[in-house]
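Structural description and commentary
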Amino acid sequence: MIGLISATAAGAAARDRLAAAWPERTRVYEGPVGEAVRAAFAQCEQLVCFLATGATVRLLAPLLGDKTADPGVVCVDEGGRYAVSLVGGHGGGANELAREVGELLGAEPVVTTATDSVGLPGLDTLGLPYEGSVAVVSRALLDGEPVALEAEVAWPLPPLPTSARGAYTVRLTDRAVAPGEREVLLRPPSLVVGVGASKGAPAEEVLGLVEEALAEAGLSVRSVAELATVDAKSAEPGIVAAAERLGVPLVTYPAEELAGVEVPNPSDAPLAAVGTPSVAEAAALVRGGELLVSKRKSAAQPAMATCAVARRPGRGRLAVVGLGPGARDLLTPRATAELRRASVLVGLDQYVDQIRDLLRPGTRVLESGLGAEEERARTAVAEARTGQAVALIGSGDAGVYAMASPALAEASDDIDVVGVPGVTAALAAGAILGAPLGHDHVSISLSDLHTPWEVIERRVRAAAGADLVVTFYNPRSRGRDWQLTKALAILAGHREPTTPVGVVRNASRPDESSRVSTLGALDPATVDMMTVVTVGNTATRIVAGRMVTPRGYRWQAAHPGEQEEAE
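It should be emphasised that the depicted structure is a prediction, and the values quoted were computed from it without experimental measurement. (Residues numbered from 1 in each chain as written. Predicted model: local features only at pLDDT ≥ 70, side-chain atom pairs only at ≥ 80, totals over all residues. Heavy atoms only, no water.)

Quick notes on the side chain of D70
Secondary-structure assignment places D70 in the loop between α3 (53-60) and β4 (72-76). A residue is classified by how much of its surface remains accessible, and D70, at 12% relative accessible area, is buried. For D70, the side chain forms a polar contact with the main-chain nitrogen of G65, separated by 2.9 Å. Sequence-distant contacts of D70, that is, excluding residues within four places in its chain, are made with F41, L63, L64, G65 and G92. (Helix = DSSP H or I, 4+ residues; strand = E, 2+ residues; numbered from the N terminus. Buried < 20%, exposed > 50% of the residue type's maximum accessible area, 1.4 Å probe, protein only. Polar contact = N/O pair within 3.5 Å; in protein donor to acceptor, adjacent residues only side chain to side chain. Contact = heavy atoms within 4.5 Å.)

Take a look at the structure:
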């Protein structure tokens with residue numbers, strides 16, 4: 001919960017805007033400011049104080065304890081110009097909250113945490129349990145000292161400016177080791193503990209067995225991702241309580257699914273009891289991995305619990321990111337977040353240049369020239385399969401004549417794939433031209449490098465016969481100078497010569513140009529590969545110099561002044 005505190009009418013107005021936007025996340029504290037701050041500090045995970053920073057510091061000072069437990073505090077000035085991350089930037093989430101508040105209120109977020117200020121991810125903000133000298137190693141990263149990354153377990157991390165060797169170390173490990181003086185341990189959730197239990201097995205017996213098995217194998221309990229068992233044991237109190245005490249989810253599987261898992265120690269007893277020859281080992285291995293601890297029984301007599309431990313490899317992550325048509329303000333926040341998250345970026349060199357300044361230090365960039373789409377797709381998938389967090393970029397929307405289709409054709413279910421939509425060239429051109437895409441429309445690429453012309457022509461004829469607005473991508477190049485003429489001629493067989501045609505070159509970029517012509521007057525020789533051509537349908541018209549394709553509402557002709565209904 002986020003506590004909201006204000007002292008003046010202006011602060012209350014901004015406070016109320018936050019409360020209205022986040023009704024489930026916020027609580028307004030009224031009354032004297034000192035009492036409100038003390039109450040919110042005790043009751044909330046985060047605070048937003050619409051007060052002067054000096055006043056807020058004085059009110060907070062007696063309340064501060066441990067930075068790992070104190071709420072994150074953001075301070076917003078009287079004029080609503082700045083959202084200052086004041087306390088708990090990382091641990092309390094104040095840095096991210098300052099950005100959210102700033103976006104909502106139109107204020108500038110002010111973040112002074114050293115790593116955030118220079119674009120480095122904080123070692124304590126990676127979403128992984130950590131141990132060791134975070135401040136010391138973070139300072140080494142900031143100072144450009146050589147910091148070694150020792151990844152004993154493959155796991156997708158954001159970019160870190162690390163090296164093969166160094167006096168400081170970031171170690172990614174699930175082993176039960178103590179950090180060195182200049183070392184940070186990151187604990188990936190790589191361990192799956194399969195458990196089985198007789199009816200009524202005590203929680204202490206289940207938990208003790210799990211902790212003993214991990215300790216003897218030299219594995220860290222902080223890397224346990226889940227307890228797993230058979231569906232029939234989903235409500236077994238001892239197993240449920242053990243998962244709760246470990247702070248991990250309990251995941252269950254049908255007996256028939258576990259029965260299909262090959263294990264080293266099957267048994268007739270669980271087969272008779274729950275329908276599978278293995279519970280602990282099969283539950284640990286059912287989603288793949290390496291068995292580190294074979295089935296073992298608890299020491300009680302009779303033993304009422306079994307467990308096994310597997311290491312599940314980290315799944316690489318491939319984000320296929322659409323950069324939009326080129327303008328920075330048409331790059332979505334989600335795309336920016338994925339670019340900053342990726343430790344490996346794969347893309348066409350000219351697209352990489354567009355967003356290079358957004359990349360975090362340490363990002364590995366794999367760029368190539370025109371015509372290497374399939375190679376880039378294979379490279380991105382291969383990098384993800386090594387456990388990396390990868391961003392594969394394309395212009396417009398990556399799923400429209402771009403990199404998503406070759407990448408997803410190459411990828412299997414051994415990696416996580418995230419699609420990040422972008423503003424397409426057709427949409428950017430349409431916004432410049434007016435509203436040419438107001439009714440049914442289709443996009444067709446006239447490039448026959450990968451698609452036979454016979455197929456393209458059949459699609460153009462179908463669009464012409466269906467009276468669809470058509471946007472042509474890749475309309476004309478020096479080596480392909482006749483296809484656009486042919487396509488326009490096909491459309492002209494179904495539409496009047498006065499049909500509006502919009503031509504937009506380099507949409508949203510500094511050298512953008514646009515014009516509206518007609519089907520009869522457009523000269524294809526004025527079009528090149530940087531151009532998008534949009535041909536209206538039989539209803540498209542020019543209104544005040546802009547292309548407009550009516551929605552076709554029946555009431556529009558009778559009531560042209562009525563507001564369009566929401567859909």
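Structure shown, so let's carry the discussion forward.
A closer look at the packing of helix α17 (residues 453-465) against helix α18 (residues 483-492)
Interaxial distance between α17 and α18 falls to 9 Å at its minimum, and their mutual angle equals 30 degrees. Compared by their axis directions, α17 and α18 come out roughly parallel. α17 and α18 meet at a crossing whose hand is right-handed. Only Q483, K486, A487, I490 and L491 of α18 make contact with α17, whose side of the interface consists of W453, E457, V460, R461 and A464. Across the contact of α17 with α18, the residue classes tally to six nonpolar, one polar and three charged. (Axes fitted to C-alpha atoms, helices over the stretch in contact; angles between N-to-C directions. Parallel < 35°, antiparallel > 145°, perpendicular 65-115°, else oblique. Left-handed = near helix turned anticlockwise from the far one by under 90°. Nonpolar A, V, L, I, M, F, W, Y, C, P; charged D, E, K, R; others polar.)

Brief notes about unusual backbone geometry
Residue Q301 is joined to P302 through a cis peptide bond whose omega torsion reads -5 degrees. Relative to the helices and strands, P302 resides in the loop between β14 (290-297) and β15 (305-311). The phi torsion at N506 lies on the positive side, around 50 degrees, for a residue other than glycine. For N506, the position within the fold is in the loop between β24 (500-505) and β25 (513-518). Residue N506 is classed as buried on the basis of its relative accessible area of 8%.

A word on helix α1 (residues 9-21)
Along its 13 residues, α1 runs 18 Å from first to last C-alpha, staying within 8% of the 18 Å computed at 1.5 Å per residue. Residues of α1 that are buried include every one of G11, A12, A14, R15, L18 and A19, and no others. Projected onto a plane normal to the axis of α1, the buried residues spread over an arc of 165 degrees and lie on a single side. Away from its buried face by more than 90 degrees, α1 exposes A9 and A20. Against β1 (2-6), β2 (26-28), β3 (46-50) and α4 (94-105) lie the buried residues of α1. (Expected span 1.5 Å × (residues − 1). Arc of directions from axis to C-beta.)

A look at the pattern of salt bridges
According to the stated counting rule, one finds 30 salt bridges in the structure shown. Between R25 and E100 there is a salt bridge; the shortest N-O distance is 3.1 Å. Within this pair, whereas R25 is found in the loop between α1 and β2, its partner E100 is found in helix α4, the two being separated by 75 residues in sequence. Among the residues examined, R25 registers a relative accessible area of 31% and is labelled partly exposed. In this structure E100 comes out as partly exposed when scored by relative accessible area, which is 27%. When salt bridges that share partners are traced, they join E150, E152, R171, R175 and E183 into one network. (Salt bridge = Lys/Arg side-chain N within 4 Å of Asp/Glu carboxyl O.)

Digging into the sheet that holds strand β28 (residues 546-548)
Spatially, the three strands line up as an open sheet ordered β21-β28-β27, and their pairing is mixed. Edge positions in the open sheet fall to β21 (434-435) and β27 (541-543), since each of these has one partner strand only. In the sheet, β21 pairs with β28 via two bridges, with the strands oriented parallel. Residue pairing in the sheet places A435 in a bridge with V548 of β28. (Pairing = 2+ DSSP bridges.)

Brief notes about the packing of aromatic side chains
Tallied over the full model, the rule gives two aromatic pairs. Aromatic side chains Y401 and Y473 sit 4.7 Å apart centroid to centroid with 55 degrees between the ring planes, which places their arrangement in the tilted category. A residue pair is termed long-range when its members are at least 10 positions apart, and Y401 in the loop between β19 (389-394) and α15 (404-410) and Y473 in strand β23 (residues 469-473) qualify at 72 residues. Given a relative accessible area of 43%, Y401 falls into the partly exposed group. In this arrangement the basic side chain of R25 is found over the ring face of W22, its NZ or CZ atom lying 4.3 Å from the centre. (Phe/Tyr/Trp six-rings, centres within 6.5 Å; stacked < 30°, edge-to-face > 60°. Lys NZ or Arg CZ within 6 Å of the ring centre and 35° of its normal.)

Some details on the pairing of β23
The element β23 is largely enclosed, with a buried count of five among its five residues. The alternating pattern of β23 places V469, T471 and Y473 on one face and V470 and F472 on the opposite face, and all of these are buried. Summarising the sheet, strand β22 (residues 441-445) and β23 pair through five bridges and their orientation is parallel. Directly across from V442, in β23, lies its bridge partner V470. Between the parallel pair β22 and β23, the chain is carried across by α17, and the sense of this crossover is right-handed. Sheet topology note: the β23/strand β26 (residues 531-535) ladder contains three bridges and is antiparallel. The residue of β26 that forms the bridge with T471 is T534. (Right-handed = clockwise from strand over helix to strand, strands pointing away.)

What about the environment of I456?
Position of I456 among the secondary structure elements: in helix α17. I456 sits in the buried class, given a relative accessible area of 2%. Among all residues touching I456, those that are not within four sequence positions of it are I444, S445, L446, S447, D448 and T451.

Notes on the sheet that holds strand β17 (residues 344-348)
Spatial strand order, β18-β17-β19-β16-β20: five strands in an open sheet with parallel pairing. Edge strands, defined here as strands with exactly one partner in the open sheet, are β18 (364-368) and β20 (416-420). With direction set aside, neighbouring strand axes in the sheet form an average angle of 15 degrees. Sheet analysis places strand β16 (residues 317-322) next to β20, joined by five bridges and oriented parallel. By the bridge assignment, R317 is partnered in β20 with D416. Against the sheet, helix α12 (residues 333-341) touches β16, β17, β19 and β20, its axis set at about 140 degrees to β16.

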